[in-house]
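Take a look at the letters that make up each chain.
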Amino acid sequence: MITRKRLAAAVCGRLVTLTAGLAPTAALADTGEPAGEAPKVELVLDVSGSMRARDIDGQSRMAAAKQAFNEVLDAVPADVRLGIRTLGADYPGKDRKRGCRDTRQLYPVGPLDRTEAKAAVATLVPTGWTPIGPALLGAADDLEGGDATRRIVLITDGEDTCAPLDPCEVAREIAAKGIHLTIDTLGLVPDAKTRAQLVCIAEATGGTYTSVRHTAELSERVSQLVERAAEPVLTPVATSGGDRCAAAPVLRPGLYTDREVFGSHRWYRVEVPPGQELRAAVSVGADRAVNRDYGVLLRASTPAGREIVRGEAAGDGRTDVISTGLRHPKPDDADTDSGSGKPVSETVCLRVSNSFSAPVGVKTTPGLPVELSIALVDGPDAADDSAFLGLARGWWALGVLVLAGFLAGLLWGWLSRWRVTVWRTN
């Protein structure tokens, strides 16, 4: 069973609705950094003592993991920079302090030497503790630097044994850094507690969780995740909204991520040129337990505070992502600069608000994950095009479809009547 709760999926759905026909390049944030950097993946393997259990296709969990790793290493795409980290591989003793530091990089993240990587994996023997939290922190450090797609694939058969360093909180802290690192988790023959912890880790960073009970499943799933890292994706850009419009960052068309405190507001600014239409969408994710009945508001206003348009949505606890969006066209006949005579762009203040609240005992830091998409497209010829039910020029297409349906109905009725007449005659 695979649990996939990715915040970006909700944003993409909303973005398709709001920006149909938008050129692909318009959705990319202008970061000024070079594109095309090779994606990075680090496989984090549990080598704790419990990996000796012989319950995967008649062999030990460690043997199944080694077999799967050999198959995965043979299939790694050439443009992926892959590394391997272990946890619980070196210290067999009972000293908890030492056991919870037992994580190391087995193979550095970089161009893959398959023979060397396989040889390193072959030396592993199930040994010690299960320091998942420290291993995730180490893997995040291993993948630091650059603007590449980054992914951690955690393979384990049990819960973390190094509390109070909660690996779920570690994953949230990694996500809060805005480094766009995804953690996917795979549980080998997991129990309910292990499953819950691994699901929490994956959801905190927009990753996936998979329960594995056979060697073939493990090999196939890890290969899929490595290949996914090599696929071109739209990488959100980290930003930090202001506490008022005047202090808000100016956003260009693209996809952005931020964190928002429970029941608070974040401000952003967008410059809308004459003849363009602003299309914005926001999604707020509940990456931890929240109280039922919540909402999100996306409000566009002038710098003076006059509301232009708003989008809002409410939830009742049935989904962990809530999204809304808005549209605002800037007419061509705009004011011009008195000095240069050039058209003046309109400054639009976007305010993202949420009404989430946390149950007793649930941490409210870091804030909830927010993804904000901004697009500027050619505006409609007339203001009522975009305002009238949001169909814009689609009314022409709707009229053609109605006429075509009417003519098709007449033709079908005539053919049916003719067939009945022929049948009666014969």
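These figures come from a predicted structure and were not determined experimentally.

Thoughts on the environment of Asp-142
Along the polypeptide, Asp-142 turns up in helix 5 (residues 132-142). With 101 residues separating them in the primary sequence, Asp-142 and Val-41 have C-alpha atoms 9.6 Å apart. Beyond its immediate stretch of four places on either side in the chain, Asp-142 contacts Glu-42, Arg-85, Gln-105 and Val-109.

Details of the sheet that holds strand 11 (residues 276-285)
With respect to topology, 5 strands assemble into an open sheet ordered 8-9-16-11-14, the strand pairing being mixed. Each edge of the sheet is formed by a strand with only one pairing partner; in this case those strands are strand 8 (237-238) and strand 14 (321-329). As paired strands, strand 9 (residues 254-260) and strand 16 (residues 368-378) are joined by 7 bridges and run antiparallel to one another. Pairing of Thr-257 across the sheet is with Glu-371, part of strand 16.

Side note on the nonpolar core
With 35 residues, the main nonpolar core has Leu-45, Leu-82, Ile-155, Leu-218 and Val-226 as its most contacted residues. Elements represented by at least two residues in this core include exactly strand 2 (40-46), helix 2 (61-75), strand 3 (81-87), strand 4 (103-110), helix 4 (114-122), strand 5 (150-156), strand 6 (181-188) and helix 8 (215-230). Examining the composition of this core, we find that 7 residues originate from one element, helix 2, more than from any other. Those residues in contact with Ile-155, other than ones at most four positions away along the chain, are Val-44, Leu-45, Asp-46, Phe-69, Leu-186, Leu-188, Leu-218 and Val-222.

Re the state of the cysteines
Enumeration according to the criterion identifies 3 disulfides in this entry. Each disulfide pairs two cysteine sulfurs, and for Cys-100 the partner residue is Cys-162, the sulfurs being separated by 2.0 Å. In this structure, the disulfide formed by Cys-100 and Cys-162 twists by about -100° around the S-S bond and is classed as left-handed. Residue Cys-100 is located in the loop between helix 3 (96-99) and strand 4, and its partner Cys-162 is located in the loop between strand 5 and helix 6 (167-176); the two are separated by 62 residues in the primary sequence. The same class applies to Cys-100 as to Cys-162, namely buried.

As for the confidence of the model for the protein
Per-chain confidence: the protein averages 83 in pLDDT, with 84% of residues scoring 70 or above. Under a pLDDT of 50 for its full length, residues 1-35 has, in the predicted model, 71 contacts with residues more than four places off or in other chains. Low pLDDT, under 50, characterises residues 383-392; the stretch is placed with 13 contacts to residues that sit more than four places away or in other chains.

Describing the pattern of salt bridges
Summed over all chains, the structure comprises 15 salt bridges. Close ionic contact of Glu-42 with Arg-85 constitutes a salt bridge, the shortest N to O distance being 3.7 Å. Here Glu-42 is found in strand 2, whereas its partner Arg-85 is found in strand 3, with 43 residues between them in sequence. In this structure, Asp-55 engages Arg-61 in a salt bridge whose closest nitrogen and oxygen atoms are separated by 2.6 Å. Look at the salt bridges and you will find they share partners, linking Glu-42, Arg-85 and Asp-142 into a network.

Topic: the packing of aromatic side chains
A complete count under the given rule lists 1 aromatic pair for this structure. Pairing Tyr-294 with Phe-356 gives two aromatic rings, centres 4.4 Å apart and planes at 15°, and the pair type is stacked. Taken together, the residues span a long stretch of sequence, with Tyr-294 in strand 12 (residues 294-301) and Phe-356 in the loop between strand 15 (346-354) and strand 16 at a distance of 62 residues. Residue classification places Tyr-294 among the buried residues on the basis of a relative accessible area of 4%.

Reading the values: rules and limits
- Residues numbered from 1 in each chain as written.
- Predicted model: local features only at pLDDT ≥ 70, side-chain atom pairs only at ≥ 80, totals over all residues.
- Heavy atoms only, no water.
- Helix = DSSP H or I, 4+ residues; strand = E, 2+ residues; numbered from the N terminus.
- Contact = heavy atoms within 4.5 Å.
- Pairing = 2+ DSSP bridges.
- Core = buried A, V, L, I, M, F, W, Y, C linked by side-chain atoms within 4.5 Å.
- Buried < 20%, exposed > 50% of the residue type's maximum accessible area, 1.4 Å probe, protein only.
- Disulfide = S-S within 2.5 Å.
- pLDDT = per-residue confidence, 0-100.
- Salt bridge = Lys/Arg side-chain N within 4 Å of Asp/Glu carboxyl O.
- Phe/Tyr/Trp six-rings, centres within 6.5 Å; stacked < 30°, edge-to-face > 60°.

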